[in-house]
There are 2 protein chains.
Amino acid sequence: MVPGGKGLHLSGARFSVLYQLSYPFEKAETIARHICYEQTVEFPEDLIEEGEIKDSLVGKIESLRETGEDTIQAHISYALEVTGMEFTQMLNTLFGNISILPGIRILDIILPEEIMPLYKGPRFGIPGIRNLLQIHERPLVCSALKPLGLSSSELAEQAYQFAAGGLDIIKDDHGITNQIFSPFLERIHRCCDAVQEANSRYGTKTLYFANISGPAKDIFRWAYRAKEAGAGGLLITPGLIGWDVMKTIAEDNSLALPVMAHPAFTGTYVQSKTTGISHEVLYGLLMRLSGADISVFPNYGGRFSFSEKECRNIISGCTKPLLDIRPIFPAPGGGMTTERLSELIDFYGSHFVMLIGGGLHRYSNDLIKNSKHFMTEVIKSVP
Amino acid sequence: MVPGGKGLHLSGARFSVLYQLSYPFEKAETIARHICYEQTVEFPEDLIEEGEIKDSLVGKIESLRETGEDTIQAHISYALEVTGMEFTQMLNTLFGNISILPGIRILDIILPEEIMPLYKGPRFGIPGIRNLLQIHERPLVCSALKPLGLSSSELAEQAYQFAAGGLDIIKDDHGITNQIFSPFLERIHRCCDAVQEANSRYGTKTLYFANISGPAKDIFRWAYRAKEAGAGGLLITPGLIGWDVMKTIAEDNSLALPVMAHPAFTGTYVQSKTTGISHEVLYGLLMRLSGADISVFPNYGGRFSFSEKECRNIISGCTKPLLDIRPIFPAPGGGMTTERLSELIDFYGSHFVMLIGGGLHRYSNDLIKNSKHFMTEVIKSVP
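Not measured: the values here are computed from a predicted model. (Residues numbered from 1 in each chain as written. Chains lettered and ligands numbered in written order. Predicted model: local features only at pLDDT ≥ 70, side-chain atom pairs only at ≥ 80, totals over all residues. Heavy atoms only, no water.)

1. A short note on the packing of helix H3 (residues 87-95) of chain B against helix H9 (residues 243-250) of chain B
All names here are of chain B.
Alright, step 1. Interhelical geometry of H3 versus H9 gives an angle of 140 degrees and a closest axis separation of 9 Å. Once H3 is placed against H9, the crossing between them reads as right-handed. Packed against H3, whose contacting residues are Phe87, Thr88 and Leu91, the element H9 presents Trp243, Asp244 and Lys247 at the interface.
Alright, step 2. Taken together, the residues that form the contact of H3 with H9 break down as three nonpolar, one polar and two charged. (Axes fitted to C-alpha atoms, helices over the stretch in contact; angles between N-to-C directions. Helix = DSSP H or I, 4+ residues; strand = E, 2+ residues; numbered from the N terminus. Left-handed = near helix turned anticlockwise from the far one by under 90°. Contact = heavy atoms within 4.5 Å. Nonpolar A, V, L, I, M, F, W, Y, C, P; charged D, E, K, R; others polar.)

Written out as structure tokens, the structure is:
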């Protein structure tokens, strides 16, 4: 037996999670109760003396609801103090050990006001990015500098042409960091200069997002270097560098740069219908909580496999009311063409960032012309 | 069209990945070819001019082999330079975007000698940890300080008793970091002192591993504080803090502490048979590459769901020859009892770390006695 906990001084504030349990209803309570212990004390119930730990620190089943055959929604709440007001421990409480158990999927997260000190949230969000670009009505358009293997001058030339053609945002491809073909510092300086030159010559306001998703020992320094070089934002892949690393960079007041989050290495979390984390939570809520202003994901009907419903859920996660945390731009990508423009605007409305990659290179070798053409089509397509 | 790449100065060194594709054989080549492009240039093949990028930088299908109905093993190699000699970009190349595609699972990674500058590997590994503890023949025994909610004094009292009872390793529970019940600095000082006192009084050599899996802004500082306080090792959860953060800490020569890696938040990667990353790669190879000396995972037959085969694969990943990278301890946990000792030793041999949690508290309230009893049983069980 271990002591039951005394004088824990719990505030009473709790956050909660809606889990989908793919189990028969008879087993659901056992599984839910197991989650309550596994995600907090990770200790056998019968070996803890009676007291505050069992009464308040262990997770609480708020409700269990059968929503389909062998499908239960379990609403479980946790004392805010379990997280130690750390984002890493919040992720751990949501899904740490139970990520290893079959049949448990996170559908939603419900946060109390009292959690706000933990989250500055996205610094810009939809209103802040629109304000920077002075574009208030239409979807934004973003393209990537690629492919890997081009030199910094070649990538900077692309950046110049995209900016001259009026794209709103240009980002490094997420696989380009500091390879010998285009070392980080060289590239960001050339690309920042190219975009600034195009902006001042053509009167555009294009923002260049530098990819800083590199080694742990370099990433903060790279973020500062990108800022000094004049980058308009940062591209970050939280699945590669760590969610709290992204959050820390996004919340850094000396940087104060918009953050675009890339989904690489996280796809497995959403792939199964019965385990992992829902599209809405992963690419919506968790991205917002960790400070992203723009959340990249593969559009339905592209080369990946998200359904329309899943994309709609991502829109919801990016934009639904969540305490004082700003809504952020969903940024669907993959297989974008002018032919699909009106369909996409019908689907996403005006508040999204359209990622266009290879498609922009298809019309001709003149990227200024291609970009202008695409932007004209976008503006025409807005109702 | 984009340029085809000139003067890339590729060394010719390549690393490769064995992917399982859950697709009909007719589609396998298309999928494999898609992986080659998606994981490197992420650009349409027909829009890249002929040249070195297509010839050498894009992934190469080395072989395709049907291993079952709608199951193909695709061996794909990548130029070492794609990674920029960064671990984050290596993970990205292995599985970044294709983590979002269905039916692709990593089965193995094959590394060339030339990759060694990127990896110092585990500093201690099995031989180093055995050397620290001066225990060469039998499995090691580790327990966790818990549950969350106890005070630092209560946890330190547990640590004292476990050490006095002769356990080899004591770790913080992975959910205990810096909560108000037991703030980080207070806890590590009390626990380090308690273990040192027990060691000098009872002649034991117990190592205390402090959990530093906290906020990005604190984690390096915490690692140093733990070292100063006299911790014998660090507990790190790479799924929460980032794989390269763990690697950087493990490779830090001023720290030079053994690292135990915890699997929380990573379970989803192994859960599906058709997507994600194999048990062998995730809890074996990737843990070694990112510097862990001990890899924690749920034992078969415990409260999680790993099979005997999956646990055997983890042993393989932890110990099979891999360049000059040391073998590391597999550390199965969950539901350990004295009754299962000989079964576990039959299964794992002598080179593993046995994690025992609640089980140690079950015999009596005297943890010194319980620990001694358990250690005696372990020693008796070794053939």
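2. Considering the nonpolar core
Alright, step 1. The biggest cluster of nonpolar side chains holds 254 residues, and the ones touching the most others in it are Leu21 of chain A together with Leu21 of chain B.
Alright, step 2. Excluding anything up to four places from it in sequence, Leu21 of chain A contacts Ala28, Ile31, Ala32, Ile35, Asp70, Thr71, Ile72, Ala74, Gly103 and Ile104 of chain A. (Core = buried A, V, L, I, M, F, W, Y, C linked by side-chain atoms within 4.5 Å. Buried < 20%, exposed > 50% of the residue type's maximum accessible area, 1.4 Å probe, protein only.)

3. Comments concerning helix H15 (residues 367-381) of chain A
Residues and elements named next belong to chain A.
Alright, step 1. A rise of 1.5 Å per residue sets the reference length of H15, with its 15 residues, at 21 Å; its end C-alpha atoms lie 21 Å apart and thus fit the reference within 8%.
Alright, step 2. Among all positions in H15, only Leu367, Ile368, Asn370, Ser371, Phe374, Met375, Glu377, Val378 and Ser381 are buried.
Alright, step 3. Buried residues in H15 make contact with strand S5 (140-145), helix H5 (152-164), helix H6 (184-202), helix H13 (341-348), strand S13 (353-355) and helix H14 (359-362).
Alright, step 4. Measuring from the side-chain oxygen of the N-cap residue of H15 to the backbone nitrogen of Ile368 gives 3.0 Å; that N-cap residue is Asp366. (Expected span 1.5 Å × (residues − 1). Polar contact = N/O pair within 3.5 Å; in protein donor to acceptor, adjacent residues only side chain to side chain.)

4. Some remarks on the pattern of salt bridges
Alright, step 1. Enumeration over the complete set of coordinates arrives at 33 salt bridges over all chains.
Alright, step 2. For Lys273 of chain A, the salt bridge goes to Glu310 of chain A, with nearest N and O atoms at 3.4 Å. With Lys273 of chain A in the loop between helix H10 (267-271) and strand S10 (276-277) and Glu310 of chain A in helix H12 (residues 308-319), the pair connects residues that are 37 residues apart, well separated along the chain.
Alright, step 3. Residue class for Glu310 of chain A comes out buried when judged on its relative accessible area of 14%.
Alright, step 4. Of the charged contacts in the structure, one is a salt bridge between Arg340 of chain B and Glu343 of chain B, with a shortest N-O distance of 3.3 Å. (Salt bridge = Lys/Arg side-chain N within 4 Å of Asp/Glu carboxyl O.)

5. Regarding the packing of aromatic side chains
Alright, step 1. Considering all chains together, one arrives at 24 aromatic pairs over all chains under this definition.
Alright, step 2. Between the aromatic rings of Tyr269 of chain A and Phe265 of chain B, the centroid separation amounts to 5.5 Å while the plane-to-plane angle is 40 degrees, which identifies the pairing as tilted. In this pair, Tyr269 of chain A sits in helix H10 while Phe265 of chain B sits in the loop between strand S9 (259-261) and helix H10 (267-271), so the two residues belong to two different chains. Here the two residues Tyr269 of chain A and Phe265 of chain B agree in accessibility, since each one is buried.
Alright, step 3. Taking 6.4 Å as the distance between ring centres and 50 degrees as the angle between the ring planes, the aromatic pair formed by Phe297 of chain B and Tyr348 of chain B counts as tilted. Of this pair, Phe297 of chain B sits in strand S11 (residues 294-298) while Tyr348 of chain B sits in helix H13 (residues 341-348), and the two are 51 residues apart along the sequence.
Alright, step 4. A residue is classified by how much of its surface remains accessible, and Tyr348 of chain B, at 6% relative accessible area, is buried.
Alright, step 5. Through successive ring pairs, a cluster of aromatic residues spans Phe95, Phe265 and Tyr269 of chain A together with Phe95, Phe265 and Tyr269 of chain B.
Alright, step 6. For Arg340 of chain A, the ring lying beneath its charged end belongs to Tyr300 of chain A, and the centroid distance is 5.4 Å. (Phe/Tyr/Trp six-rings, centres within 6.5 Å; stacked < 30°, edge-to-face > 60°. Lys NZ or Arg CZ within 6 Å of the ring centre and 35° of its normal.)

6. Concerning the interface of chain A and chain B
Alright, step 1. Counting residues at the interface gives 82 residues for chain A, matched by 83 residues for chain B.
Alright, step 2. Carbon and sulfur atoms supply 60% of the area that chain A and chain B bury against each other, a total of about 7,300 Å² over both sides.
Alright, step 3. When residues of chain A are sorted by the area they lose upon contact with chain B, Ile100, Phe265 and Thr268 of chain A head the list and together hold 11% of the total.
Alright, step 4. Our count for the chain A to chain B interface comes out at four salt bridges.
Alright, step 5. Seen at the junction of chain A and chain B, the total is 36 residue pairs in polar contact (both at pLDDT 80 or more).
Alright, step 6. Among the elements that line the side of chain A that touches chain B, the one with the most residues is helix H3 (residues 87-95) of chain A, at five residues. (Buried area = accessible area lost by both parts, 1.4 Å probe.)

7. Structural notes on the pairing of strand S2 (residues 60-68) of chain B
Residue and element names in this part refer to chain B.
Alright, step 1. When S2 meets strand S3 (residues 71-79), the two strands line up antiparallel, connected through seven bridges. Counterpart to Ser63 in the pairing with S3 is His75.
Alright, step 2. In textbook terms, the turn of a hairpin is the stretch between consecutive antiparallel strands, and for S2 and S3 this stretch comprises two residues, one of which, Asp70, has a positive phi near 55 degrees. (Pairing = 2+ DSSP bridges.)

8. Considering the sheet that holds S11 of chain B
All names here are of chain B.
Alright, step 1. Reading across from one edge, S12-S11-S9-S8-S7-S6-S5-S13 is the order of the eight strands in this open sheet, with parallel pairing throughout. In the strand order of this sheet, the two ends are held by strand S12 (329-333) and strand S13 (353-356), each with one partner. Shown here is a sheet whose adjacent strand axes are inclined to one another by a mean of 25 degrees, direction ignored.
Alright, step 2. Where S9 and S11 come together, two bridges link them in parallel fashion. Across the sheet, Met260 pairs through a bridge with Ile294, a residue of S11.

9. Let's talk about the state of the cysteines
Residue and element names in this part refer to chain B.
Alright, step 1. Taken as a whole, this structure holds zero disulfides over all chains when the rule is applied.
Alright, step 2. Cysteine Cys142 is unpaired, with the sulfur of Cys191 as its nearest cysteine sulfur at 13 Å.
Alright, step 3. Using a relative accessible area of 1% as the deciding quantity, one classes Cys142 as buried. (Disulfide = S-S within 2.5 Å.)

10. Comments concerning the environment of Gly276 of chain B
Alright, step 1. Examined against the element boundaries, Gly276 of chain B turns out to sit in strand S10 (residues 276-277).
Alright, step 2. Owing to a relative accessible area of 0%, Gly276 of chain B belongs among the buried residues under this scheme.
Alright, step 3. If sequence neighbours within four positions are ignored, Gly276 of chain B has contacts with Thr268 of chain A together with Phe95, Ile104, Arg105, Ile106 and Tyr269 of chain B.

11. Points about the confidence of the model for chain A
Alright, step 1. Mean pLDDT over chain A works out to 96, with 100% of the residues at or above the 70 mark.
Alright, step 2. Per the prediction output, this complex has pTM 0.97; the corresponding ipTM is 0.97. (pLDDT = per-residue confidence, 0-100.)

12. A look at the environment of Ile61 of chain A
All names here are of chain A.
Alright, step 1. Take Ile61: it is sitting in strand S2 (residues 60-68).
Alright, step 2. Between the C-alpha atom of Ile61 and that of Ala13, which follows or precedes it by 48 residues, the distance is 15 Å.
Alright, step 3. Other than its neighbours up to four places away in sequence, Ile61 contacts Glu29, Ala32, Arg33, Cys36, His75 and Ile76.

13. So, the relation of the copies chain A and chain B
Alright, step 1. Of the transformation superimposing chain A on chain B, the axial component is 0.0 Å and the angular component is 180 degrees, with the fit at an RMSD of 0.0 Å. The transformation just described matches what one would write down for a two-fold rotation axis. Within chain A, the C-alpha atom positioned nearest to the axis of rotation is that of Gly242 of chain A, 2.0 Å from it. (Least-squares fit on C-alpha atoms with pLDDT ≥ 70 in both.)

14. Digging into unusual backbone geometry
All names here are of chain A.
Alright, step 1. Following Lys146, the chain continues to Pro147 via a peptide bond in cis, the omega torsion being 5 degrees.
Alright, step 2. The residue Pro147 is located in the loop between S5 and H5 in this model.
Alright, step 3. A positive phi angle is found at Leu323, which is not glycine, with a value near 50 degrees.
Alright, step 4. Position of Leu323 relative to the elements: it lies in the loop between H12 and strand S12 (329-333).

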